[in-house]
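Single-letter residue listing:
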Amino acid sequence: MEMDHVLRPVTVIGGSLAVTLLAGWLLDLLLRRIDARHPETPLWGLLRRCRLPFRLALCTVLLRSSYREAGILPRHPVGVGRALTLVLIASAAWLLVGIATAVVDAAYARYAAGAPDRARVRRVRTQVTLIQRVVTAVVVAVAIASMLLTFPAMRAVGASLLASAGVLGIVAGIAAQSALGNLFAGLQIAFGDTVRIGDTVVVDKEWGTVEEITLTFLTVRTWDERRITMPVSYFTAKPYENWSRGGAQMTGTVFWHLDHSAPIALMREQLGHVLGEIPEWDGRGAGLAVTDTTPNTVQVRAVVTAKDADDVWTVRCAVRERLITWLVAHHPYALPRIATSPALPAPPPGEPAHPGPDLVAGRARGVS
């Protein structure tokens, strides 16, 4: 009789584990074969990530349905049943989140592979990311609520909370006003298409790429690999520059301050030669003109184009460097000059402190 009390629980637990491992192996084998036959979609390969929560949920179901007959901890049947129920709820939520994530990721991967518009792809990616976070948050919240309701004391608390839901809702709304504002701002960004993951933006005079968007905050990776984290409500309440809006193509400018004798026509010709040697230039446009003048210099501006913000920065730096090098080597007179004059010596003792006519003439001419 004592042996029966030991063998029965061991048999039930061992049988549940064996069935679980066998079912998990068969499911994985089936998913692998389907994935091999349908390489056009990554769905079946992504679903293989759900093997662990599936096995956990299946094993818990088997034990939950037979723990009383098996006599597992017969002195604590309520505790065993409740523990198995909690594990079942958690594993079911885990499995549901995994399946939803696999389906959404597979759909996005297929869309991104066939979509020619990269801006549209970034928009869909932003929406998909936020939808995944919302679904995960809802599933986790429901799972936690279900786990709490398995305790009799929490059921009474739940009834009391429902009775005063109106008052609590008002209080929670006031207390979480900032958080709720960020939440709705995140949804507005996701479906309003104002900013997307991968967009090049300028916020607070910092230039970078949007790296992550959540329901409450947004991360911008700057050109020097720093991360700027800010609430998403910033992008719905304050102005900012989005260089990727309407397309990633960019136009950049390069400025020089040169002498009035600078050979503008030759510079314009040299700009064309320089751009032809820069692979990042997309060939859409280029130009050079005098945009301003001062008593000592002229301001020369070159306009260049590139396919995105990174390339236009590279083109601007290369044009600035190569044209300055060309001017120094072939037209040094075009560089800005400052007119100076020699300092006047102190007059000898007993002579008036007035410069002579020759010194005045030399002072007026100056040197360069």
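Residues numbered from 1 in each chain as written. Predicted model: local features only at pLDDT ≥ 70, side-chain atom pairs only at ≥ 80, totals over all residues. Heavy atoms only, no water.

Engineer: I'm lost on the pairing of strand S4 (residues 227-231) in this one. Help?
Structural biologist: Within a regular beta strand, the side chains point alternately toward one face of the sheet and then the other, so they alternate between its two faces. Where burial is concerned, the two faces of S4 differ: the one with Ile228 and Met230 is buried and the one with Arg227, Thr229 and Pro231 is not. Looking at chain direction, strand S3 (residues 217-222) and S4 are connected through 5 bridges and run antiparallel. Looking at S4, one finds that Val220 is bridged to Ile228. From the end of S3 to the start of S4, which pair antiparallel, there are 4 residues, and Glu225 there has a positive phi angle of about 70°. (Buried < 20%, exposed > 50% of the residue type's maximum accessible area, 1.4 Å probe, protein only. Helix = DSSP H or I, 4+ residues; strand = E, 2+ residues; numbered from the N terminus. Pairing = 2+ DSSP bridges.)

Engineer: Before we go on, may I ask you to explain the sheet that holds strand S8 (residues 298-306) in this structure?
Structural biologist: The strands making up a sheet associate through hydrogen bonds between their backbones, and the pairing can be parallel or antiparallel. The sheet built from 3 strands is open, its strands ordered S6-S8-S7 with antiparallel pairing. Among the strands making up the open sheet, the edge pair consists of strand S6 (250-258) and strand S7 (281-293). Between one strand and the next, the sheet's axes are offset by a mean angle of 20°, whatever the strand orientation. Sheet topology places S7 next to S8; 8 bridges connect them, and they run antiparallel. Paired with Thr293 across the strands is Val298, a residue of S8. Contacts from helix H10 (residues 264-276) reach S6, S7 and S8, with the element oriented near 155° to S7. Together, S6, S7 and S8 form the strand contacts of helix H11 (residues 309-330), whose direction differs from that of S6 by roughly 25°. (Axes fitted to C-alpha atoms, helices over the stretch in contact; angles between N-to-C directions. Contact = heavy atoms within 4.5 Å.)

Engineer: What exactly am I supposed to notice about the pattern of salt bridges here?
Structural biologist: Across all of its chains, the model carries 13 salt bridges by this definition. The salt bridge involving Arg48 is made with Asp28; its shortest N-O contact spans 2.7 Å. With a gap of 20 residues between them, Arg48 in the loop between helix H2 (43-47) and helix H3 (51-70) and Asp28 in helix H1 (residues 2-37) connect regions that are remote in the sequence. Note that Lys307 and Asp308 form a salt bridge whose closest N and O atoms lie 2.8 Å from each other. Connected through salt bridges with shared partners, the residues Asp28, Arg32, Arg48 and Arg51 form a single ionic network. (Salt bridge = Lys/Arg side-chain N within 4 Å of Asp/Glu carboxyl O.)

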